[in-house]
Amino acid sequence: MTVRSSTGSYEIVFDTPDSALREIPQGAYVITDENVWAAVEPWRDRIERANCLVLPPGEQSKSIETYERCVRWLAEHRASRRSPVVALGGGVIGDLAGFAAATYMRGVPLLQIPTTLLAQVDSSVGGKVGIDLPDGKNLVGAFYPPTKVLVASGFLATLPRRELINGAAEVWKYGFIMDNALVEALEAEPIESADVEPIIRRCIELKARVVEEDEHETTGLRAILNFGHTVGHAIEKVQGYVGLKHGEAIAIGMVAEAWLSRRLGLCEESVAERVAGGLAKQGLPTAKPERVTIDALVEAMRRDKKADREGLAFSLLTGPGACKLVQNVPERDVIEVLSRCWA
Ligand code: ADP
Ligand code: ZN
């Protein structure tokens, strides 16, 4: 599959872990984390031909300090302008190593090898890379399309179940906003690690279509991918990014935003019911954590960078497998829906 971008097209290749890792060029610079390093043990010899930097796992690694460690490691190991950086891992490694690749010597080739479901269906495609600041997530970053993405669903065999379900939230999201047939397939058979490849392919196709049309998020089209994220990000923020994982928070957000869509008369009640039912069946949470108050959520949403001065903005459902971006949603409607749908 080819994805067009402003700096040229890149290929997304579906592969086995073995052949994906074989594609790592000799002398490449592989950035990964300890869990992934353990998971790729059977194919270690394919990677060890390259230079490897193995970092601690977790969101904490998306920091200025770890970013500094990456670029200084590249400099110390004499990486040149043509040396490929390989991001081998989940979304954290993809964003961090991607940002290092985007900025070291003003940009070196970037090979993405995503190893979580979330990274395979979402973060490895579309060219967003970046790191966090103490002041907020993803505050420093770039649009930097990879040179290639190698997707091997075989990597998911070692992924902890909670991480798999976490990624499944984004998969359901693509169905809800763009592809009712995908929702029907998931309703019949929620995600398990077996046979997930056709689903991953479908999600990447859907995302690629959107980011090709609105790569730099200027027309509002790319913002439809934020279904569930206005409320989801607020939940993550209020919780201080501990507790719920991203996919879990956006699952709760999708349920709330589906009911908001209903309240604004954009879709039938059955559409919102299917969102809640499907996510629950997948084993995802659908109600907010008890300690998070609606006041705190609304306050966090107001500060959301997408809200600007124009009131709250949401990607809302307009039918099964359809959505649109809605700006200036009255806070009163949001508060009422939130108090009701989690009552
Ligand atoms: P995400 O991909 O959800 O954005 P992370 O990059 O933090 O987030 O990955 C989630 C967790 O899964 C991390 O602890 C990471 O080390 C671990 N992980 C990633 N890929 C694999 C894999 N294939 N097998 C086992 N653990 C993995
Ligand atoms: Zn997301």
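Refer to the preceding data block for the structure.
Residues numbered from 1 in each chain as written. Chains lettered and ligands numbered in written order. Predicted model: local features only at pLDDT ≥ 70, side-chain atom pairs only at ≥ 80, totals over all residues. Heavy atoms only, no water.

What about the overall build of the protein chain?
Here's step 1: When helices and strands are tallied, the protein chain shows 14 helices and 11 strands.
Here's step 2: Taking 2.2 N^0.38 as the reference for a compact globule, 343 residues should give roughly 20 Å; the C-alpha atoms of the protein chain span a radius of gyration of 20 Å, in line with that estimate.
Here's step 3: Along the first, second and third principal axes, the C-alpha set of the protein chain runs to 55 × 40 × 35 Å.
Here's step 4: When each of the 343 residues of the protein chain is scored for burial, the buried share is 54%.
Here's step 5: Partitioning the contacts of the protein chain with sequence separation of at least 6, the portion at a separation of at least 24 is 71%.
Here's step 6: A total accessible area of about 14,900 Å² is found for the protein chain, and carbon and sulfur atoms account for 49% of it. (Helix = DSSP H or I, 4+ residues; strand = E, 2+ residues; numbered from the N terminus. Rg over C-alpha atoms; globule rule 2.2 N^0.38 Å. Buried < 20%, exposed > 50% of the residue type's maximum accessible area, 1.4 Å probe, protein only. Contact = heavy atoms within 4.5 Å. Areas by Shrake-Rupley, 256 points an atom, 1.4 Å probe, with all protein chains shown as cover.)

Considerations on the environment of Leu317
Here's step 1: Among the secondary structure elements, Leu317 is positioned in strand β10 (residues 312-319).
Here's step 2: Overall, the relative accessible area of 1% leaves Leu317 in the buried class.
Here's step 3: Taking the C-alpha atoms as reference points, Leu317 and Glu331, separated by 14 residues in sequence, lie 18 Å from one another.
Here's step 4: Not counting chain neighbours up to four residues away, the residues in contact with Leu317 comprise Phe176, Ile177, Phe227, Ala258, Ser261, Leu266, Cys267, Val271, Val275, Ala322 and Cys323.

What about the site of ligand 1?
Here's step 1: Looking at ligand 1, there are 17 residues lining it, with Asp33, Gly91, Thr115, Thr116 and Thr158 nearest.
Here's step 2: Within the side chain of Asn35, an N or O atom sits 2.9 Å from an oxygen atom of ligand 1.
Here's step 3: Between ligand 1 and Phe155, the relevant distance is 3.0 Å, taken from a nitrogen atom to a main-chain nitrogen or oxygen of the residue.
Here's step 4: In isolation ligand 1 exposes 560 Å². Once the protein is present, 86% of that is buried.
Here's step 5: Counted by class, the shell around ligand 1 contains eight nonpolar, seven polar and two charged residues. (Near = heavy atom within 4 Å. Polar contact = N/O pair within 3.5 Å; in protein donor to acceptor, adjacent residues only side chain to side chain. Nonpolar A, V, L, I, M, F, W, Y, C, P; charged D, E, K, R; others polar.)

A word on the sheet that holds strand β1 (residues 2-3)
Within a sheet, neighbouring strands are paired by backbone hydrogen bonds and run either parallel or antiparallel to one another.
Here's step 1: Taking strand neighbours across the sheet as the criterion, the seven strands line up as β1-β2-β9-β6-β5-β3-β4 in an open arrangement whose pairing is mixed. Taken across any chain shown, the strands that pair with only one partner, and hence form the sheet edges, are β1 and β4 (51-55).
Here's step 2: In this sheet, β4 lies alongside strand β3 (residues 29-33) in parallel orientation, the contact comprising five bridges. Among the inter-strand pairings, Val30 is bridged to a residue of β4, identified as Cys52.
Here's step 3: Running over the sheet, helix α5 (residues 91-103) touches β3, β4, β5 (85-89) and β6 (110-114) and is turned about 170 degrees from β5. (Pairing = 2+ DSSP bridges. Axes fitted to C-alpha atoms, helices over the stretch in contact; angles between N-to-C directions.)

Such coordinate-based values are descriptive only and should not be taken to indicate function.
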